[in-house]
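Tertiary structure, described
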Amino acid sequence: MTSEIILQYFPDLSAEQREQFEKLPALYEHWNSQINVISRKDIDLLYERHVLHSLGIAKVMTFLPGENVLDVGTGGGFPGIPLAILFPETQFHLVDSIGKKIKVVTEVAAALGLKNVKASHARAEQIADKFDFVISRAVTQLKDFYPWVKGKFNKQSNNILPNGILYLKGGDLEQEIKESGLKVVQYHLKDYFKEEFFETKQVIYVKG
(Lines give C-alpha, C1' and ligand atoms only; values in the text may rest on other atoms or scores of the structure.)
Protein backbone atom coordinates (compact mmCIF):
# COMPACT_ATOMS: atom_id res chain seq x y z
CA MET A 1 0.00 0.00 0.00
CA THR A 2 1.40 3.37 -0.99
CA SER A 3 0.83 6.99 -0.16
CA GLU A 4 -1.65 7.12 -3.06
CA ILE A 5 -4.35 6.31 -0.53
CA ILE A 6 -3.55 9.60 1.22
CA LEU A 7 -3.63 11.57 -2.05
CA GLN A 8 -6.96 10.02 -2.91
CA TYR A 9 -8.55 11.70 0.11
CA PHE A 10 -6.25 14.72 0.43
CA PRO A 11 -5.44 15.71 -3.17
CA ASP A 12 -4.20 19.24 -2.42
CA LEU A 13 -0.94 18.30 -0.72
CA SER A 14 2.19 20.28 -1.49
CA ALA A 15 5.25 18.51 -2.91
CA GLU A 16 6.87 18.74 0.53
CA GLN A 17 3.85 17.18 2.27
CA ARG A 18 3.73 14.36 -0.26
CA GLU A 19 7.41 13.67 0.31
CA GLN A 20 6.92 13.68 4.09
CA PHE A 21 4.05 11.18 3.87
CA GLU A 22 6.12 8.98 1.52
CA LYS A 23 8.97 8.84 4.06
CA LEU A 24 6.79 7.47 6.86
CA PRO A 25 6.92 3.70 6.12
CA ALA A 26 10.73 3.52 6.01
CA LEU A 27 11.04 5.62 9.17
CA TYR A 28 8.55 3.54 11.11
CA GLU A 29 9.99 0.25 9.87
CA HIS A 30 13.41 1.40 11.06
CA TRP A 31 12.25 2.51 14.50
CA ASN A 32 9.76 -0.32 14.94
CA SER A 33 12.56 -2.85 14.53
CA GLN A 34 14.24 -1.27 17.57
CA ILE A 35 11.30 -0.05 19.66
CA ASN A 36 7.99 -1.73 19.01
CA VAL A 37 5.43 1.09 18.65
CA ILE A 38 3.20 -0.43 15.96
CA SER A 39 2.03 -4.05 15.90
CA ARG A 40 4.06 -6.10 13.42
CA LYS A 41 1.01 -7.03 11.34
CA ASP A 42 0.02 -3.36 11.03
CA ILE A 43 3.33 -2.04 9.70
CA ASP A 44 2.41 -3.14 6.15
CA LEU A 45 -0.91 -1.33 6.52
CA LEU A 46 0.65 1.81 7.99
CA TYR A 47 -1.02 4.23 5.55
CA GLU A 48 -4.53 2.90 6.09
CA ARG A 49 -4.56 1.93 9.76
CA HIS A 50 -2.35 4.66 11.20
CA VAL A 51 -1.82 7.57 8.82
CA LEU A 52 -5.24 7.80 7.15
CA HIS A 53 -6.95 6.89 10.43
CA SER A 54 -5.15 9.81 12.11
CA LEU A 55 -6.20 12.11 9.26
CA GLY A 56 -9.83 11.22 9.96
CA ILE A 57 -9.69 14.09 12.45
CA ALA A 58 -8.88 16.43 9.53
CA LYS A 59 -12.16 15.43 7.84
CA VAL A 60 -13.97 16.81 10.88
CA MET A 61 -11.74 19.77 11.76
CA THR A 62 -9.38 21.99 9.80
CA PHE A 63 -6.87 23.29 12.32
CA LEU A 64 -5.98 26.95 11.89
CA PRO A 65 -2.54 28.58 11.70
CA GLY A 66 -1.34 29.40 15.20
CA GLU A 67 -3.67 26.99 16.99
CA ASN A 68 -2.18 24.71 19.64
CA VAL A 69 -3.10 21.02 19.72
CA LEU A 70 -2.22 18.48 22.43
CA ASP A 71 -1.91 14.80 21.43
CA VAL A 72 -2.41 12.68 24.56
CA GLY A 73 -0.92 9.16 24.64
CA THR A 74 0.58 9.64 21.19
CA GLY A 75 2.45 6.31 21.19
CA GLY A 76 4.64 6.40 18.09
CA GLY A 77 3.13 9.70 16.96
CA PHE A 78 -0.48 9.02 16.03
CA PRO A 79 -2.57 10.98 15.37
CA GLY A 80 -0.14 13.89 15.92
CA ILE A 81 2.55 13.31 13.25
CA PRO A 82 0.23 12.90 10.22
CA LEU A 83 -1.81 15.92 11.35
CA ALA A 84 1.34 17.98 11.85
CA ILE A 85 2.31 17.20 8.24
CA LEU A 86 -1.13 18.24 7.03
CA PHE A 87 -1.29 21.43 9.12
CA PRO A 88 2.27 22.83 9.12
CA GLU A 89 1.22 26.18 10.63
CA THR A 90 -0.51 24.59 13.64
CA GLN A 91 1.54 23.72 16.72
CA PHE A 92 1.34 20.13 17.99
CA HIS A 93 2.51 18.94 21.43
CA LEU A 94 2.74 15.14 21.56
CA VAL A 95 2.90 13.53 24.99
CA ASP A 96 3.22 9.95 26.18
CA SER A 97 4.07 8.44 29.57
CA ILE A 98 6.43 5.91 27.92
CA GLY A 99 9.79 7.47 27.19
CA LYS A 100 10.92 5.16 24.38
CA LYS A 101 7.79 6.01 22.39
CA ILE A 102 8.58 9.70 22.69
CA LYS A 103 12.10 8.94 21.41
CA VAL A 104 10.50 7.53 18.23
CA VAL A 105 8.26 10.61 17.88
CA THR A 106 11.25 12.94 18.29
CA GLU A 107 13.34 11.05 15.73
CA VAL A 108 10.54 10.78 13.17
CA ALA A 109 9.63 14.48 13.50
CA ALA A 110 13.31 15.44 13.08
CA ALA A 111 13.74 13.19 10.03
CA LEU A 112 10.68 14.77 8.41
CA GLY A 113 11.83 18.29 9.24
CA LEU A 114 8.66 19.06 11.19
CA LYS A 115 9.18 22.37 12.98
CA ASN A 116 5.66 22.39 14.46
CA VAL A 117 6.04 19.30 16.69
CA LYS A 118 7.09 19.27 20.33
CA ALA A 119 7.32 15.93 22.16
CA SER A 120 7.29 15.34 25.92
CA HIS A 121 7.74 12.25 28.07
CA ALA A 122 4.90 13.08 30.46
CA ARG A 123 1.37 12.33 31.51
CA ALA A 124 -1.35 14.64 30.24
CA GLU A 125 -2.04 15.86 33.78
CA GLN A 126 1.53 17.16 34.06
CA ILE A 127 1.19 19.52 31.08
CA ALA A 128 0.42 23.02 32.33
CA ASP A 129 -0.14 24.76 28.97
CA LYS A 130 -3.52 25.63 27.47
CA PHE A 131 -4.65 24.32 24.08
CA ASP A 132 -7.29 24.88 21.46
CA PHE A 133 -7.85 21.18 20.88
CA VAL A 134 -6.87 17.88 22.47
CA ILE A 135 -6.55 14.88 20.14
CA SER A 136 -6.04 11.22 20.97
CA ARG A 137 -6.51 7.74 19.64
CA ALA A 138 -8.31 5.18 21.81
CA VAL A 139 -6.08 5.63 24.85
CA THR A 140 -8.78 4.83 27.41
CA GLN A 141 -12.50 5.15 28.16
CA LEU A 142 -13.99 8.62 27.70
CA LYS A 143 -15.01 8.84 31.36
CA ASP A 144 -11.36 8.33 32.38
CA PHE A 145 -9.87 10.45 29.60
CA TYR A 146 -11.91 13.60 30.14
CA PRO A 147 -10.60 14.37 33.68
CA TRP A 148 -7.00 14.25 32.38
CA VAL A 149 -7.59 17.17 30.04
CA LYS A 150 -10.42 19.11 31.66
CA GLY A 151 -9.36 22.71 32.18
CA LYS A 152 -6.58 22.58 29.56
CA PHE A 153 -8.49 24.59 26.95
CA ASN A 154 -8.04 28.19 25.84
CA LYS A 155 -11.12 30.29 26.56
CA GLN A 156 -11.09 31.96 23.13
CA SER A 157 -12.35 29.75 20.27
CA ASN A 158 -11.70 30.68 16.63
CA ASN A 159 -12.59 27.50 14.76
CA ILE A 160 -15.86 26.06 13.40
CA LEU A 161 -16.26 24.00 16.56
CA PRO A 162 -15.55 25.43 20.02
CA ASN A 163 -12.25 24.30 21.55
CA GLY A 164 -12.46 20.72 22.77
CA ILE A 165 -11.53 17.05 22.36
CA LEU A 166 -11.33 15.18 19.05
CA TYR A 167 -10.98 11.52 19.97
CA LEU A 168 -10.53 8.60 17.55
CA LYS A 169 -12.50 5.60 18.75
CA GLY A 170 -13.86 2.35 17.29
CA GLY A 171 -16.69 -0.10 17.84
CA ASP A 172 -20.03 0.36 19.55
CA LEU A 173 -19.61 3.39 21.79
CA GLU A 174 -23.15 3.78 23.10
CA GLN A 175 -22.39 2.40 26.58
CA GLU A 176 -19.05 4.21 26.88
CA ILE A 177 -20.61 7.56 25.95
CA LYS A 178 -23.49 6.98 28.38
CA GLU A 179 -21.08 6.14 31.22
CA SER A 180 -19.02 9.26 30.54
CA GLY A 181 -22.01 11.55 31.11
CA LEU A 182 -20.54 13.82 28.44
CA LYS A 183 -22.38 15.52 25.62
CA VAL A 184 -20.66 14.26 22.47
CA VAL A 185 -20.95 14.59 18.71
CA GLN A 186 -20.11 11.44 16.73
CA TYR A 187 -18.57 11.61 13.26
CA HIS A 188 -18.47 8.26 11.43
CA LEU A 189 -15.33 7.79 9.35
CA LYS A 190 -17.16 5.48 6.93
CA ASP A 191 -18.83 8.69 5.68
CA TYR A 192 -15.39 9.95 4.57
CA PHE A 193 -13.32 6.83 3.78
CA LYS A 194 -14.48 3.80 1.79
CA GLU A 195 -12.04 1.20 3.19
CA GLU A 196 -13.61 -1.54 5.32
CA PHE A 197 -11.27 -0.71 8.21
CA PHE A 198 -13.22 2.53 8.82
CA GLU A 199 -16.65 0.89 8.98
CA THR A 200 -16.82 1.13 12.80
CA LYS A 201 -14.35 3.98 13.37
CA GLN A 202 -15.45 7.39 14.65
CA VAL A 203 -14.18 10.78 15.70
CA ILE A 204 -15.82 11.79 18.98
CA TYR A 205 -16.03 15.52 19.67
CA VAL A 206 -16.49 16.86 23.21
CA LYS A 207 -16.57 20.57 23.92
CA GLY A 208 -13.74 21.55 26.25
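What counts, and at which threshold
- Residue numbering note: each chain is counted from 1, following its sequence as written.
- Only residues with pLDDT of at least 70 get local features here, since the model is predicted, and only at 80 or more are side-chain atom pairs given and counted; chain-wide, interface and lining totals rely on the full set of residues.
- Water and hydrogen atoms were dropped before computing side-chain values, which therefore reflect all heavy atoms in the structure.
- A pair of strands is treated as paired once DSSP finds two or more bridges between them.
- Here a helix means four or more residues in a row that DSSP labels H or I, a strand means two or more in a row labelled E, and each is numbered from the N terminus.
- Axis definition: a line fitted to C-alpha atoms, limited for helices to the stretch in contact. Angles are taken between N-to-C directions and run from 0 to 180 degrees.
- Any two residues having at least one pair of non-hydrogen atoms within 4.5 Å are treated as being in contact.
- Working rule for angles: under 35 degrees goes down as roughly parallel, over 145 as roughly antiparallel, 65 to 115 as roughly perpendicular, anything else as oblique.
- Crossings are assigned a handedness: left-handed for a near helix turned anticlockwise from the far helix by less than a right angle, right-handed for a clockwise turn.
- Residues are sorted three ways: Asp, Glu, Lys and Arg are charged, Ala, Val, Leu, Ile, Met, Phe, Trp, Tyr, Cys and Pro are nonpolar, and all the rest, Gly among them, are polar.
- UniProt positions are given in the numbering used here, feature names are shortened, and annotations may be inferred rather than shown by experiment.
- In this analysis the probe radius is 1.4 Å and the grid spacing 1 Å, with only protein atoms considered; a cavity is a set of points the probe fits into but cannot get out of, a pocket is an open set with protein on both sides within 12 Å along at least five of seven lines, and lining residues have an atom within 4 Å of a point.
- A simple rule labels every residue: compare its accessible area, found with a 1.4 Å probe on the protein chains alone, to the largest value its type can have, and call it buried under 20%, exposed over 50%, or partly exposed in between.
- With its strands directed away from the observer, a crossover is right-handed exactly when the path from the first strand over the helix to the second travels clockwise.

Turning our eyes to something else, we now look at the sheet that holds strand β3 (residues 117-121). Across the sheet, seven strands lie side by side as β3-β2-β1-β4-β5-β7-β6; this open sheet has mixed pairing. Looking at which strands have only one partner, the edges of the open sheet turn out to be β3 and β6 (184-188). On average, each strand axis in the sheet is tilted by 20 degrees relative to the strand beside it, whichever way the strands run. With seven bridges joining them, strand β5 (residues 164-170) and strand β7 (residues 201-207) adopt antiparallel strand pairing. Looking at the pairing, Gly164 lines up with Lys207 of β7. Docked against the sheet, helix α5 (residues 99-112) engages β2 (91-96) and β3, running at close to 165 degrees with respect to β3.

Attention now moves to the packing of helix α2 (residues 15-34) against helix α3 (residues 46-60). The angle between the axes and the distance between the axes are what describe a pair of packed helices. Close contact between α2 and α3 brings their axes to 11 Å; oriented N to C, the two are set at 125 degrees. Between α2 and α3, the crossing angle belongs to the class labelled oblique. Both α2 and α3 take part in a crossing whose hand is right-handed. The segment α2 lies against α3, with Phe21, Glu22, Leu24, Pro25 and Tyr28 engaging Leu46, Tyr47, Val51 and Leu55. Of the residues belonging to the contact of α2 with α3, the class tally is eight nonpolar, no polar and one charged.

This chain's UniProt record puts "binding site: S-adenosyl-L-methionine" (unreviewed entry) on Gly73, Phe78, Ala124, Glu125 and Arg137. Within the annotated group, the residues that form the lining of the largest pocket are Gly73, Ala124 and Glu125. Here Gly73 lies in the loop between β1 (68-72) and α4 (80-86). Position of Glu125 relative to the elements: it lies in the loop between β3 and β4 (133-137). With sequence-adjacent residues up to four places away left out, Glu125 is seen in contact with Trp148 and Lys152.

For the rest of this paragraph, the subject is the pairing of β5. With six of seven residues buried, β5 lies mostly within the body of the structure. Read as a crossover between parallel neighbours, the route from β4 over helix α6 (residues 142-149) to β5 is right-handed.

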